[in-house]
Amino acid sequence: MKYIDEFRDGALARRIASSIAREALPDRRYHFMEFCGGHTHAISRYGIKDLLPPNVEMIHGPGCPVCVLPIGRIDSAIELAARPGVILATYADTMRVPASNGLSLMKAKARGADIRMVYTCADAVAMARANPDREIVFFAIGFETTTPPTAVAILEAAAAGLANFSVFCNHVLTPAAIANILESPEVRELGTVPLDGFIGPAHVSTVIGTQPYEYFAEEYERPVVIAGFEPLDVMQAILMLVRQLNEGRAEVENEFTRAVTRDGNIKAKALVAEVFELRRTFEWRGLGEVPYSALRIKEKYRGHDAEERYGIAYRAVADNKACECGAILRGVKKPTDCKVFGTVCTPANPIGSCMVSSEGACAAHYTYGRFKDVPVVAAAVS
Amino acid sequence: MCLAIPARVVALPGPAEAIIDVDGVRKRISLALIDGVVVGDYVIVHVGYALARLDEAEAARTLALFAESGARLAESSRQ
Amino acid sequence: MSTIRAGYVRPVDFKHGRIDMTHGSGGRATAQLVDELFVRAFDNEWLRAGNDGAQIAMPPGRMVIATDAHVVSPLFFPGGDIGCLSVHGTVNDVAMAGAMPLYLAATFVLEEGFPLADLQRIVQSMAAAARAAAVPVVTGDTKVVEQGKGDGVFITTTGVGVVPEGVDIDGSRARPGDAILVSGTLGDHGVAIMSLRENLSFETSIESDTAALHHLVAAMIGAVPGIHCLRDPTRGGLATTLNEIATQSGCGMTIRERDLPIKPQVSAACEFLGLDPLYVANEGKLVAIAPAEDAQRLLATMRAHPLGRDAAIIGEVVADPLGFVQMETTFGGRRNVDWLTGEQLPRIC
């Protein structure tokens, strides 16, 4: 696949790895957070850790929209799906997230709720057209990459007068989450989480551009490198971060120049601004209430807002006491630090959000990397 | 996050619509979020929408940058 | 089965007719359907005898029996349908024990309202597959359930065969050092099916690889009678099959991503949907585990057969009490290839 395979080349990976090994100063430790769940997934899937020197450490961030979705919001989605006449259209990612009372969207579907998986929200709009006697609710999740498509869907529904189409909006914002991490006591004051730099999200940045990260580089004096999604992109970004730190720079650099510009996608941003506005605060699983971190539908399009339409009241639900997802999402703990990791909590039976999504730190480590945790190392018989 | 994949535009069947192709797999997607796409362009596709055009010159430049790592290595080992 | 003949019996309307509750009642309608559809299509001495069961002659040796329920949706897909799938699936299960499949039984659970034209198409496809495989469907049963209680049609096939002397193929026989081989490209069937799901719709020329593998297996056993394991990686894909065998045998495995045969279109479709080809179903492929010294000979034998042309050695069995299946990625790192948890769903993240 063009523009994919070339960026997965093992030979080039080893070259970049040797550059990192050579340029990382031996008496210094480097801690970088990859914000985006897709990068977490890539790091695990391609075994990038194996290619990094021991003094370069990756910390997994909260950029996984499924992982940070509070249980209470899934409960609301299940409640919506249970309303008579409603078809809940959702991306498949949400189907297995455990909610309250032992339910999930998958289990609610098995009990008779009309819940349908879609690849694109455009299909949810088509469903509304094809089923005028039903109420279609689209369960919208995602960071800034996924928000513009939802905006287009709402505008289309509004233009076509599709009164039976509404959106349950859970779109969240990247810069707010980054700020929240940098402001957390562990990072800011206590220094218990040394955080030297960020790998910025790939596709979020195609929409918002590199400009929003400049604030973090300046205010918190930490370099940010926007990296593409493929493993070579991630490795190159790590090299660029090492160089910035060695040279005492704290700038925003763009590794993903083939898709990201400083301004991003102006048209997409305008469409989002037309349809959505900031919520004053929003609960993030693991991070608590984060101000100005999420979107809701503007007054003009409230007719298509499922929360308004169905009067959904949000009820916060606390995480399982044994669950360390909050600390893991903030980079304070590792999956292996969690008492229930790999025992009670597995991808088959996820307790918390980090295990539910395949790009959550715990799921990624369990699925791709846990063989490295065990003291007995598998040895091939020669 | 945000599974998105670079795909080649092979047809423009309607206003704000494109047929994209990745190694023979074809899909109809929306161009509502970007303008000026022509057949032959590569676009980044996420949940059925093109988010950005892929700059092929920049892609080549980035790959060259990766290869440069190896060049430096060869240089330093000669010293 | 009724043998009463009427003066004139109106033939079953396969063009426009639909299954109704009388077809399952065991009376005249059932008899007629069985006669005009199943017996006519499968066309063999056992069905023509008209008994409830079939008397078969089994050669001496260890008998293998295998059964499979088929509930695939959609019923018709590029490269096949539920009919030929059900024949190939059970023929393959018997073959994976090293046995030559000899006879099949087939049951049909039909939903009220199911179009007879579709049923005829399915049964004829089954019959063609059975004929091509030289494994007759010698007995069967038909039931009808009310509308809404069945997905059109469910088919269960059961097959029997006999294992030749000197062949001992079992999931627990993998040993450290053994070579792991696959007979061809991975993920074709799953991708072909997914391309038809209405909420995913992508166009591809990928067809299901559904095929009867018993002749390929016979050739393989002929060349390497000491094969340790054979299994077809159906639901859950190659990853699930390897993990099953690793658990049964109490060892680990290492496979190499660069050696996995995968069609570019299958890779591309999986990229789109965020799926891993290792977990996508195959219906015409097998995994073989054999002593290292026999690997090249086995590979050559497989490649000489039309159903094994893309065969490859993909890795080795290793000593590992924890039974991890690991993969060397094309990238150069190592990762787990774990069990599949639940159904593999497409993702946006």
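Residues numbered from 1 in each chain as written. Chains lettered and ligands numbered in written order. Predicted model: local features only at pLDDT ≥ 70, side-chain atom pairs only at ≥ 80, totals over all residues.

### Some details on the sheet that holds strand E5 (residues 137-145) of chain C
All names here are of chain C. What counts, and what does not: Between any two strands, at least two bridges found by DSSP are needed for them to pair. By the criteria applied, helices consist of DSSP H or I runs no shorter than four residues and strands consist of E runs no shorter than two, each listed in order from the N terminus. Comment: axis = line fitted to C-alpha atoms, over the contacting stretch for helices; angle = value between 0 and 180 degrees taken between N-to-C directions.
With mixed pairing, the four strands of this open sheet are ordered in space as E1-E6-E4-E5. Only two strands of the sheet have a single partner each, and these edge strands are strand E1 (62-70) and E5. Taking the axes of each pair of neighbouring strands and ignoring which way they run, one obtains an average angle of 15° across the sheet. As paired strands, strand E4 (residues 100-111) and strand E6 (residues 153-163) are joined by 10 bridges and run antiparallel to one another. Bridged to Thr-107 within E6 is Thr-156.

### Concerning the environment of B:Asp21
All names here are of chain B. Filter applied, for reference: Here, residue contact means that the backbone-derived C-beta atoms of the two residues sit within 7 Å.
Residue position: Asp-21 is located in strand E2 (residues 17-22). Spatially, the C-alpha atoms of Asp-21 and Val-10 are 6.5 Å apart, while their sequence positions differ by 11 residues. In contact with Asp-21, other than residues within four places in its own chain, are Ala-7, Arg-8, Val-10 and Arg-26.

### Quick word on unusual backbone geometry
For residues besides glycine, phi is generally negative; the peptide bonds are generally trans as well. We count it as follows: Whether a residue is buried, exposed or partly exposed is read from the other C-beta atoms within 10 Å of its own C-beta, which are placed from the backbone; 20 or more gives buried, 12 or fewer gives exposed, and intermediate counts give partly exposed.
Residues C:Ser73 and C:Pro74 are joined by a peptide bond in cis, for which omega reads 5°. By the element assignment, C:Pro74 lies in the loop between E1 and strand E2 (76-77). Positive phi values are uncommon outside glycine, yet A:Glu221 reaches one of about 55°. Assignment of secondary structure puts A:Glu221 in the loop between helix H10 (214-220) and strand E8 (224-226). Residues other than glycine seldom take positive phi values, yet A:Tyr292 does so here, at roughly 45°. Position of A:Tyr292 relative to the elements: it lies in the loop between strand E12 (288-291) and strand E13 (295-297). Overall, A:Tyr292 belongs to the partly exposed group, with 14 C-beta atoms counted inside 10 Å.

### As for the interface of chain A and chain B
The criterion, for reference: Each residue is assigned to one of three groups, with Ala, Val, Leu, Ile, Met, Phe, Trp, Tyr, Cys and Pro labelled nonpolar, Asp, Glu, Lys and Arg labelled charged, and all others, Gly among them, labelled polar.
Counting residues at the interface gives 39 residues for chain A, matched by 34 residues for chain B. If you list the elements that add at least two residues to the side of chain A that touches chain B, you get helix H1 (10-23), helix H2 (37-45), helix H5 (121-130), helix H6 (147-159), helix H9 (203-208), helix H11 (231-246) and helix H12 (266-275) of chain A. Sorting elements by how many residues they give to the side of chain A that touches chain B places H1(A) first, with five residues. Class assignment for the residues of the side of chain A that touches chain B results in 21 nonpolar, 13 polar and five charged.

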